[in-house]
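Read off the chains here:
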Amino acid sequence: MTASEVSRSVATRREASRELVLDVRALRVHYATPLGDVIAVNGVSFGVRRGEILGLVGESGCGKSTTAMAILRLVQAPGRVLGGHILLNGTDLLGLDEKQLTRVRWRDLALIPQGAMNSLNPVMRVKDQLADAVEAHEGKQPARVLKDRILETLSTVGLPSRVYDLFPHELSGGMKQRVCIAMAVILRPSLIIADEPTSALDVVVQRVVAQTLLDVRERLNVSMILIGHDMGLQAQLVDRIAVMYAGNIVEIAPVQAAFDEPLHPYTQLLISSIPSIKERKPLRVTEGLTHDLRRPPPGCVFSLRCPHVAPECRELVPQMREMRPDHFVACHRVENWM
């Protein structure tokens with residue numbers, strides 16, 4: 001291969017890596033209450049590239065899981081999607097009817113749920129639950145072909161063949177979670193949403209499940225959204241990270257840049273909350289609580305708690321700006337500490 005051919009090949013791979021599998025634009029989700037709408041997701045925009053893992057982080061109640069449910073079109077009443085676009089491989093999911101959505105879910109877009117113990121049918125063997133997913137989308141399969149496919153998928157997520165015939169109550173917590181991963185990948189979707197997949201597991205099992213997710217990404221070149229608030233886990237798994245606060249995305253950056261030089265004050269507080277084994281340092285705690293999501297403050301949503309707040313922060317809504325290559329932040333005062 002000549003030098004020019006090598007250069008073209010590298011450029012092609014780089015371009016493919018930037019191709020968006022998912023493109024979310026100005027997504028808005030509200031929950032109706034007698035005292036007014038709770039603004040759960042407030043016009044968020046982000047993309048997921050082919051083969052990458054995007055981390056979606058923030059404190060509890062910031063809108064991470066609601067964003068995921070909106071992408072899957074699973075927001076339940078009194079919640080409703082008020083606007084925006086969700087483009088999966090170029091198709092706007094918000095424009096699909098239920099029949100079309102049924103074809104897309106699991107085959108093109110899959111979910112690894114937060115609670116594996118509550119997600120598996122306790123009276124069905126693992127093989128039957130995986131078979132259901134395949135035959136619901138691809139029709140009746142020859143028994144031998146279907147068994148081989150299920151065993152191959154179980155092997156992909158690091159489970160022994162004996163799991164094939166077991167019931168969920170016969171599995172450990174980590175094995176149940178990996179069965180849920182197997183169910184998500186068996187139809188080879190282009191995007192998987194993992195909603196806090198390690199939250200109910202001990203640290204040893206967390207490591208096993210995390211490695212399983214990385215192996216699946218490597219083998220299948222699948223894109224993922226990893227939702228959570230464990231910043232240490234995010235640092236080990238994701239390629240880019242999107243930080244949410246009170247229904248807004250305030251920073252999106254490559255994970256190394258986000259941890260080395262976080263630009264938004266809220267991201268800085270999240271990073272500083274990670275304990276260090278090298279030094280003992282005081283925990284930085286910001287004052288106050290998140291505002292009432294029915295009545296957001298004017299200007300920046302973080303202005304009531306930000307240690308760097310200025311008059312303009314209380315008046316003008318900051319827009320996302322690219323401050324470094326592929327590093328976006330919504331903050332008026334970011335130039336002061338760059």
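Right above here is the structure, for reference.
Residues take numbers from 1 onward in each chain, read along the sequence in its written order. Only residues with pLDDT of 70 or above have their local features reported here, since the model is predicted, and side-chain atom pairs are shown and tallied only from 80 upward, although totals for entire chains, interfaces and linings are computed over all residues. In computing side-chain properties, one takes all heavy atoms of the structure into account and sets aside hydrogens as well as water.

Bringing the environment of Ile-150 into the picture now. Relative to the elements of secondary structure, Ile-150 occurs in helix 6 (residues 143-156). For the pair formed by Ile-150 and Phe-302, sequence separation is 152 residues and the distance between their alpha carbons is 47 Å. Ile-150 has contacts with Lys-127, Leu-130, Ala-131, Tyr-164 and Ile-186, leaving out every residue within four places of it along the chain. Helix numbers and strand numbers start at the N terminus; a helix is a DSSP run of H or I with at least 4 residues, a strand a run of E with at least 2. Between two residues, a contact is recorded if the distance between any of their heavy atoms is within 4.5 Å.

With that settled, the discussion passes to empty space enclosed by the protein. Using only the protein atoms, space was sampled on a 1 Å grid; points where a 1.4 Å probe fits but cannot get out form cavities, open sets with protein on both sides within 12 Å along at least five of seven lines form pockets, and lining residues are those with an atom within 4 Å of a point. Grid points are joined across faces, edges and corners, and a volume is the space filled by probe spheres set on the points. One pass over the structure, following the stated rule, counts two cavities of 30 Å³ or more. Space inside the largest cavity adds up to approximately 70 Å³. Surrounding the largest cavity, His-264, Pro-265, Cys-300, Phe-302, Ser-303, Cys-306, Cys-313, Cys-331 and His-332 form its lining. Think of it as three bins: nonpolar holds Ala, Val, Leu, Ile, Met, Phe, Trp, Tyr, Cys and Pro, charged holds Asp, Glu, Lys and Arg, and polar takes everything else, Gly as well. Residue composition of the lining of the largest cavity, grouped by class: six nonpolar, three polar and no charged. Approximately 40 Å³ is the volume found for the second largest cavity. Around the second largest cavity, the lining residues are Ile-39, Asn-42, Ala-246, Asn-248, His-291, Leu-293, Pro-296 and Val-301. Looking at side-chain class alone, the lining of the second largest cavity contains five nonpolar, three polar and no charged residues.

For two strands to be treated as a pair, DSSP must find no fewer than two bridges joining them. With mixed pairing, eight strands are arranged side by side in an open sheet as 6-7-8-3-9-10-12-11. Bordering the open sheet on either side are strand 6 (109-112) and strand 11 (321-324), each of which pairs with just one other strand. The mean inter-strand angle of the sheet, taken between neighbouring strand axes irrespective of direction, is 25°. Here strand 10 (residues 248-254) pairs with strand 12 (residues 327-329) via two bridges, running antiparallel. Within the sheet, the bridge partner assigned to Ile-252 lies in strand 12 and is Phe-328. Where helix 7 (residues 173-185) meets the sheet, its contacts fall on strand 6 and strand 7 (191-195), and the angle it forms with strand 6 comes to roughly 175°. Set on the sheet, helix 8 (residues 203-220) makes contact with strand 3 (53-57), strand 6 and strand 8 (223-228); between it and strand 8 the angle comes to about 160°. The axes are straight lines fitted to the C-alpha atoms, using for helices just the contacting stretch, and the angles between their N-to-C directions are given from 0 to 180°.

A word on the pairing of strand 2 (residues 38-49). In this sheet, strand 2 lies alongside strand 1 (residues 20-31) in antiparallel orientation, the contact comprising nine bridges. If you follow Val-24 over to strand 2, its bridge partner there is Phe-46. If you look at the hairpin formed by strand 1 and strand 2, you'll find six residues sitting between the two strands, and Gly-36 has a positive phi there, around 120°.

Locating Thr-67 in the fold gives a position in helix 2 (residues 64-71). You can call Thr-67 buried: its relative accessible area is 1%. Residues in contact with Thr-67, not counting those within four places in the same chain, are Leu-27, Val-41, Phe-46, Leu-56 and Met-244. Any residue under 20% of the maximum accessible area for its type is buried, any over 50% is exposed, and the rest in between are partly exposed; the area is computed with a 1.4 Å probe on protein chains only.

The next point concerns the packing of helix 5 (residues 126-138) against helix 6. Helix packing geometry: the angle between the two helix axes and the distance between the axes. The N-to-C vectors of helix 5 and helix 6 enclose an angle of 115°; their axes lie 10 Å apart at closest approach. On the basis of their axis angle, the class for helix 5 and helix 6 is roughly perpendicular. Between helix 5 and helix 6 the crossing geometry is right-handed. Each of Val-126, Lys-127, Leu-130, Ala-131, Val-134, Glu-135 and Glu-138 in helix 5 lies in contact with helix 6, whose residues at this interface are Leu-146, Arg-149, Ile-150 and Leu-154. For the contact of helix 5 with helix 6, the residue count by class is seven nonpolar, no polar and four charged. Each angle receives one of four descriptions, namely roughly parallel if under 35 degrees, roughly antiparallel if over 145, roughly perpendicular if within 65 to 115, and oblique otherwise. Crossings are assigned a handedness: left-handed for a near helix turned anticlockwise from the far helix by less than a right angle, right-handed for a clockwise turn.

On to the layout of surface pockets. Roughly 520 Å³ of volume is contained in the largest pocket. Around the largest pocket, the lining comprises 26 residues; the ones closest to its centre are Gly-43, Ile-249, Pro-318, Met-320 and Ala-330. Of all the secondary-structure elements, those providing two or more residues to the lining of the largest pocket are strand 2 and strand 10. Counting residues per element, the lining of the largest pocket draws most heavily on strand 2, which supplies seven residues. In terms of residue class, the lining of the largest pocket is made up of 15 nonpolar, eight polar and three charged. Put simply, the second largest pocket is a space of about 350 Å³. Residue lining of the second largest pocket: 18 residues in total, with Trp-106, Leu-111, Pro-113, Met-183 and Ala-184 positioned closest to the centre. The set of elements that each furnish at least two residues to the lining of the second largest pocket consists of strand 6, helix 5 and helix 7. Element by element, the count of residues in the lining of the second largest pocket is highest for helix 5, at four residues. Looking at the lining of the second largest pocket residue by residue, the classes come out as 13 nonpolar, three polar and two charged.

All right, on to the sheet that holds strand 5 (residues 91-92) then. If you walk across this open sheet you meet the four strands as 2-1-4-5, and the pairing is antiparallel. A single partner strand is all that each edge strand has here, and the edge strands are strand 2 and strand 5. Sheet contacts for helix 2: strand 1, strand 2 and strand 4 (79-88); angle to strand 1, the most-contacted strand, approximately 115°.

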